[in-house]
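So the chains spell out like this:
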Amino acid sequence: SAVISQKPSRDICQRGTSLTIQCQVDSQVTMMFWYRQQPGQSLTLIATANQGSEATYESGFVIDKFPISRPNLTFSTLTVSNMSPEDSSIYLCSPGFGNQPQHFGDGTRLSIL
Amino acid sequence: AQRVTQPEKLLSVFKGAPVELKCNYSYSGSPELFWYVQYSRQRLQLLLRHISRESIKGFTADLNKGETSFHLKKPFAQEEDSAMYYCANGGSQGNLIFGKGTKLSVKP
């Protein structure tokens, strides 16, 4: 499976600020999925990022709040904008390899005060 | 919209007892089902996928299209099996749709 690296691994932020999470994968992938895991909850898909096109957002998630970049086939960023305590979650990227099962890294653990 | 249902939030069994974690899915096409496990303070790991039809750590799962189920089973639970278990179905974009998860607690 691919090696997935996310930075930062964790952060504590003030409400109203923004944080950009970086995701690096050790092989080229067409699709990158961004998920959120709120405390004690399951994973929910935020958006799907393809290289060279705008990300596709799931219901309940908007580009202004979670802008995504996908500059190349091994890298993506997710920004959590204007953070509030409700955004405290683990954010995970996962590369999509077509028919291969998805794997996950440790994610970014975000706490908003 | 696709849904994955795990009816039990918590399942508690004694060591050596059989375990069955339930999962039902809703999808009109060909399902692509997975079980993921998350041990305490560890990353989410793939446990099984239905097309592999394999047994990992003694766990098996059979796809039942008639009942739209993909229950996870193990004949004899071990304490180290204690973890969160998530059932997931492949979405239309290649993403995963997760159930809410079942916490398995295996008591000594």
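Quick note: structure is the one above.
Per-chain numbering applies: the sequence of each chain, read as written, is numbered from 1 onward. Think of it this way: whatever chain is written first is A, whatever ligand is written first is 1, and the rest follow in order. Whole-chain, interface and lining totals are the exception, using all residues; otherwise, since this is a predicted model, local features are given only for residues with pLDDT of at least 70 and side-chain atom pairs are given and counted only at 80 or more. The side-chain figures draw on all heavy atoms in the structure; neither hydrogens nor water molecules are used.

Undergrad: Kindly report on the overall build of chain B, identifying the contributing residues and their values.
TA: Counting from the N terminus, the helices are the DSSP runs of H or I reaching at least four residues and the strands are the DSSP runs of E reaching at least two. The helix and strand inventory of chain B stands at zero helices and eleven strands. Going from the N terminus to the C terminus, chain B shows its helices and strands as β-β-β-β-β-β-β-β-β-β-β. Each radius of gyration reported is based on C-alpha atoms, and the globular scaling rule is 2.2 Å times the count of residues to the power 0.38. Taken over C-alpha atoms, the radius of gyration comes to 13 Å for chain B, in line with the 13 Å a tight globule of 108 residues would show. The principal-axis extent of the C-alpha atoms belonging to chain B is close to 40 × 30 × 25 Å. Buried residues are those whose accessible area, probed at 1.4 Å on protein chains only, stays under 20% of the maximum for their type, while exposed residues exceed 50% and partly exposed ones sit between those limits. Buried residues in chain B amount to 44% of all 108 residues. For every accessible area listed, the method is Shrake-Rupley and the probe measures 1.4 Å; residues are considered covered only by the protein chains on display. Working note: accessible area of chain B is about 5,800 Å², and carbon and sulfur atoms make up 50% of it. Only four residue types enter the tally: Lys and Arg on the positive side, Asp and Glu on the negative side; His and the chain ends are excluded. Every charge is mapped onto a representative atom, which is NZ of Lys, CZ of Arg, CG of Asp or CD of Glu. When the 15 positive and 9 negative side-chain charges of chain B are each reduced to one mean point, those points stand 6 Å apart.

Undergrad: Outline the side chain of Q38 of chain B, listing residues and values.
TA: Inspection of the secondary structure assignment puts Q38 of chain B in strand 5 (residues 33-38). By relative accessible area, which is 17% here, Q38 of chain B ends up buried. Pairing of N or O atoms within 3.5 Å defines a polar contact, subject to two protein rules: one partner must be a possible hydrogen donor and the other a possible acceptor, and residues neighboring in sequence count only if both atoms are side-chain atoms. For Q38 of chain B, the side chain forms a polar contact with the side chain of Q37 of chain A, separated by 3.2 Å. Of the polar contacts made by the side chain of Q38 of chain B, one reaches the backbone oxygen of Q42 of chain B; its length is 3.4 Å. Contacts are assigned to residue pairs that have any heavy atoms within 4.5 Å of one another. Excluding residues within four positions of it along the chain, Q38 of chain B makes contact with Q37 of chain A together with R43, L44, A83, M84 and Y86 of chain B.

Undergrad: Mind laying out the side chain of Q102 of chain A, listing which residues take part and the relevant values?
TA: Relative to the assigned elements, Q102 of chain A resides in the loop between strand 9 (89-96) and strand 10 (108-112). Classification of Q102 of chain A by relative accessible area gives buried; the value is 3%. Within the structure, Q102 of chain A has its side chain in polar contact with the side chain of S94 of chain A (distance 3.2 Å). Among the polar contacts made by the side chain of Q102 of chain A, one reaches the main-chain carbonyl oxygen of G94 of chain B at a distance of 2.6 Å.

Undergrad: Help me get a handle on the environment of P101 of chain A, residues and values and all.
TA: Its location among the elements puts P101 of chain A in the loop between strand 9 and strand 10. Residue classification places P101 of chain A among the buried residues on the basis of a relative accessible area of 8%. Separated by 93 residues in sequence, P101 of chain A and P8 of chain A have C-alpha atoms that sit 25 Å apart. When residues no more than four places from it in sequence are discounted, the contact partners of P101 of chain A are F34, Y36, L46 and R49 of chain B.

Undergrad: Any details on the sheet that holds strand 7 (residues 60-61) of chain B? Residues and values, ideally.
TA: Residue and element names in this part refer to chain B. The strand order across the open sheet built from three strands is 3-8-7, with neighbouring strands paired in antiparallel fashion. In the strand order of this sheet, the two ends are held by strand 3 (19-21) and strand 7, each with one partner. Both strand 3 and strand 8 (residues 72-74) contribute to a ladder of three bridges, which runs antiparallel. For E20, the partnering residue across the bridge sits in strand 8 and is K73. Paired strands, in this sense, are two strands between which DSSP finds at least two bridges.

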